[in-house]
Amino acid sequence: MLRLEKRPQPSRVWTWATPPLAVMITMIAGGALFAALGKDPAEAIATIFWKPLFGEFAFYYRPQLLIKAAPLILIAIGLSLGFRAGVWNIGAEGQYIAGALTGAGVGLAFYPLDSWVVFPLMVLAGALGGWAWAMIPALLKVRFGTNEILVSLMLVYVAEQLLAAMALGPMRNPDGRGFPGSRNLRDYPAAHNAEIISGTGMHWGVAAAVIAVILAYVLLSRHLLGFHIRLAGQAPRAARFSGVRPGRLVVICLGTSGALAGLAGMFEVAGPAGQVSIDFNVGYGFTAIIVAFLGRLHPVGIALAGILMALTYIGGEMAQSTLGLPAAAIQLFQGMLLFFLLAVDLLTNYRVRFRHREAA
Amino acid sequence: MTANLLRVESLTKAYPGVIANDAVSFDIREGEVHALLGENGAGKSTLVKMIYGLVKPDSGSMSLRGAPFAPASPSAARAAGVAMVFQHFSLFDALSVAENVALGMERPPPLRRLAARIREVSETYGLPLDPDRLTGDLSAGERQRVEIIRCLLQEPRLMIMDEPTSVLTPQEVEILFETLRRLTSEGVAILYISHKLEEIRALCDHATILRQGRNVGTCTPRETPAREMAEMMVGASFAAPAGAAHAAGEVALEIAGLSLPAPSAFGTALRDIGLTVRQGEILGIGGVAGNGQDELLAALSGEITTKGQVVRLHGTPVGHLGPAERRRRGLLAAPEERLGHAAAPDMTLTENALLTGADREELLARGFVRWGAARSFAETVIARFDVRTPGPETAARALSGGNLQKFVIGREVLQRPEVFVVNQPTWGVDAAAAAAIRQALLDLAAQGTAILCISQDLDELMEISDRFAALNEGRLSPARPAAGLSVEEVGLMMGGAHDMEVAHV
């Protein structure tokens, strides 16, 4: 008979061992899934995890990895602060769109001014846009006690409508012969989020993600605010006793995650995407939730998880095109990853004991 | 003489560190109301949980109408004719009365028939209740009727009631008593748990008094004066207070007109509390749990804020300030609940030292945590208060209750508070640790700190307090010097017989 026994304190070994274990179990279960679909499981797994990095076309896929990982990491870092404090921002996708719109809006407003100030102003506007969008659930929660999960999630759909309206209306390219979508910022050097080192995929958003990882690490491990964030999440009553004001924490956490998501949207619209279009957002804001948990809500873990997630995206696309795996199978595979992570997470706080049933 | 219904013979139940029941024996006769009387922590709850099959006794036996009775679960107890009405109700607000009753039954009849049965029972026993009403709309008294009717539908022989009047208005109490008398006239026995002496005198035929897990006596309440019962309940002797009241300094803490609505459904409203504590003085506040202790602590720690003037520290209004600001000014507190309130269970002792020590122990440098300093502060607490733990990097939840309590008290005491408020300083702590904590409080007062000690342990309060007051339903009695206080006076201050006629109107 299996029994679960609570550990006196969380196991440090398992805290770090569960993510790799979850990845391994996902590979096995995913392999079984691919085999059931009639594909060679070893090849499918290799296509997803190995070929984008070391395969024949790695020179193309490796930069893609950074381009896809950067927004995931940037958003997930912000979300992780809130998740640690028990503030559940599920609407990063909406804040990502809001940041892209304000960032691109500033860039388009200055067109065709050729000045170095344009890009920094866009960065600022992007962060502010995401922050403002996140302030809506934050203030509603603090003032009226609304549920931030619902409000932030609903605002995603509002943001999507706003995006469509902008792409079709005020931000539409005047020279675009009536097609939806804004001017392409790649053709406007002062506003373009270009690669810092050409051919690497390393754009300013990647730099911002690295900085965010470092700052979040310092905040959580060294600063009183980081301590309060952790305290509020683990023991809300003790946090209040300590002097933490819950409302202030809600505003800070939602604001930070909104600003970072807004930044991610702005870097995306000014770089890899290039323009405001109806289908600009591809779900980074939602995937970042998985990334945050996969990375144990720890900044370094999130960086690694973001890269892993980006890899499954790129590898998944590759497997779709080269092996003909259905898209649903790839999504299932990604879902398994989160599922198994949460499942093996149990080992951190519990010990599994095998015990023979005693004679009654 | 009526026949014995339930015989309890030397029931014993021990929990780690405490013997909840030590060879308790008594009999309940058919058709009587039998009171189980005792202070909080005297072992009343454990005893009835054993009778109701929720807890298994370590040793001893019970018999019901002469047949051995050892219920393995509440449903076994119910099948044998034992029912229980709990102090906190387990009802779903969104369901109707009849639906709630059906949920508690093993094989509920169709709702329409059940509703008819509920009407019938409620009329027979004088408990007005409409089975179709939504439970969320009912008053506390009506909710209790739902629970009682749920029990009555099982046609019990013995009904256990855990402090049933604590949620009732005086009028509802009258209705309840009428019902209980009607039940007993039909031969149903009632085991009635309470600490309200006047109530017991009005209702009960016999009383068994528990103190520290032991049966310390039985009596016939109608013929026994309240003060005699209080004496048995509290214990005939108090340890003499340690030394006479020392020369108290000027007023350090002053509360005036503190009234608060109940913060939650199970909370207690505070009503016009006023007190002063002088430097070097210990004011002990007694009272049965749930009479406003947690709320009073929260209002002093800063977790609940009030108008500034309501709480004054050395004459300065601090009622509007939060916990961190009050701590900075020297008002420190240690709440009752160690895990989750005074300390974060999954955090290390170093992190828990930072939890309240950040400011006064200078553990911060421009907002950044000086972890080395926090660690050495934790180490100091561990060393000075003899906290048994592998080290400051151990999670708080890995410590035993007594050791964590020593850490929590030590953390505040070592910050040299001007005023220290503590709730249940030695609750669930072994004797040696409790003595160490009490000594620490006495030493702190000797250094000039004003101490407000809230506790349910009367012996403890009599040992350390200079003055004593009691909390009762959110009201605080006037404080009186502890030295001259007799046992019965303390019992009555706590039990609510004191000035309660006025309060109930």
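Please read all numbers here as calculations on a predicted model, not as lab measurements.

Quick word on the overall build of chain A
Helices and strands together make up the secondary structure of chain A, namely 15 helices and four strands. In summary, chain A has a C-alpha radius of gyration of 22 Å against a globular reference of 21 Å for 360 residues, a match within 12%. The C-alpha extent of chain A, read off along each of the three principal axes, is 85 × 55 × 35 Å. Of all 360 residues assigned to chain A, the portion counted as buried reaches 49%. In chain A, the proportion of contacts linking residues at least 24 apart, taken out of those at least 6 apart, comes to 78%.

Points about the overall build of chain B
If you tally the helices and strands in chain B, you get 17 helices and 23 strands. The globule rule puts the C-alpha radius of gyration for 505 residues at 23 Å, and the 25 Å found for chain B is close to it. By its C-alpha atoms, chain B is 70 × 45 × 45 Å across when sized along the principal axes. Counting every position in chain B, which comprises 505 residues, the buried fraction comes to 49%. In chain B, 68% of the contacts between residues at least 6 apart in sequence involve partners at least 24 apart.

Thoughts on the domain arrangement of chain B
Under the domain assignment used here, chain B contains domain 1 (4-234) and domain 2 (251-504). Here domain 1 of chain B and domain 2 of chain B have C-alpha centroids that lie 34 Å from each other.

Topic: unusual backbone geometry
Cis geometry marks the peptide bond from Tyr111 of chain A to Pro112 of chain A; its omega dihedral reads 0°. Mapped onto the elements, Pro112 of chain A comes out in the loop between α5 (92-110) and α6 (118-144). Of note, the phi angle at Arg296 of chain A is positive, near 60°, even though the residue is not glycine. Tracing the backbone shows Arg296 of chain A in the loop between α12 (284-294) and α13 (299-323). One non-glycine residue with positive phi stands out, namely Ser10 of chain B, at about 35°. Tracing the chain through its elements places Ser10 of chain B in strand β1 (residues 4-15).

Digging into the interface of chain A and chain B
One frequent convention defines the size of an interface as the accessible area lost when the parts assemble. Every contact between the two is made by 17 residues of chain A and, on the other side, 26 residues of chain B. Among the elements of the structure, α9 (224-234) and α10 (236-242) of chain A are those that each provide at least two residues to the side of chain A that touches chain B. Here the side of chain A that touches chain B takes five residues from α10 of chain A, the largest share from any one element.

Regarding the sheet that holds strand β15 (residues 316-317) of chain B
Residues and elements named next belong to chain B. Read from one edge of the open sheet, four strands run β12-β11-β14-β15, paired in antiparallel fashion. Here the strands that pair on one side only, and so sit at the sheet edges, are β12 (270-278) and β15. Of the pairings in the sheet, the one linking strand β14 (residues 311-313) to β15 comprises two bridges and is antiparallel in character. Counted as the bridge partner of Arg312 is Pro317 from β15. Its contacts with the sheet put helix α9 (residues 293-301) on β11 (251-260), β12 and β14, and the angle it makes with β12 is roughly 60°.

Notes on the nonpolar core
By size, the foremost hydrophobic cluster in this structure holds 247 residues, and its most contacted members are Ile73, Leu74 and Ile75 of chain A. Ranked by residue count, the leading element in this core is helix α4 (residues 58-85) of chain A, at 16 residues. For this core, the two domains that each supply at least three residues are domain 1 (4-234) and domain 2 (251-504) of chain B. Beyond its immediate sequence surroundings of up to four residues, Ile73 of chain A is in contact with Ala209, Val213, Ile302, Ala303 and Gly306 of chain A. Residues Ala44, Ile48, Leu325 and Ile330 of chain A belong to the second largest nonpolar core, which totals nine residues.

Calculation rules
- Residues numbered from 1 in each chain as written.
- Chains lettered and ligands numbered in written order.
- Predicted model: local features only at pLDDT ≥ 70, side-chain atom pairs only at ≥ 80, totals over all residues.
- Helix = DSSP H or I, 4+ residues; strand = E, 2+ residues; numbered from the N terminus.
- Rg over C-alpha atoms; globule rule 2.2 N^0.38 Å.
- Buried ≥ 20, exposed ≤ 12 C-beta atoms within 10 Å, placed from the backbone.
- Contact = placed C-beta atoms within 7 Å.
- Domains from an automatic or database assignment.
- Pairing = 2+ DSSP bridges.
- Axes fitted to C-alpha atoms, helices over the stretch in contact; angles between N-to-C directions.
- Core = buried A, V, L, I, M, F, W, Y, C linked by C-beta atoms within 7 Å.

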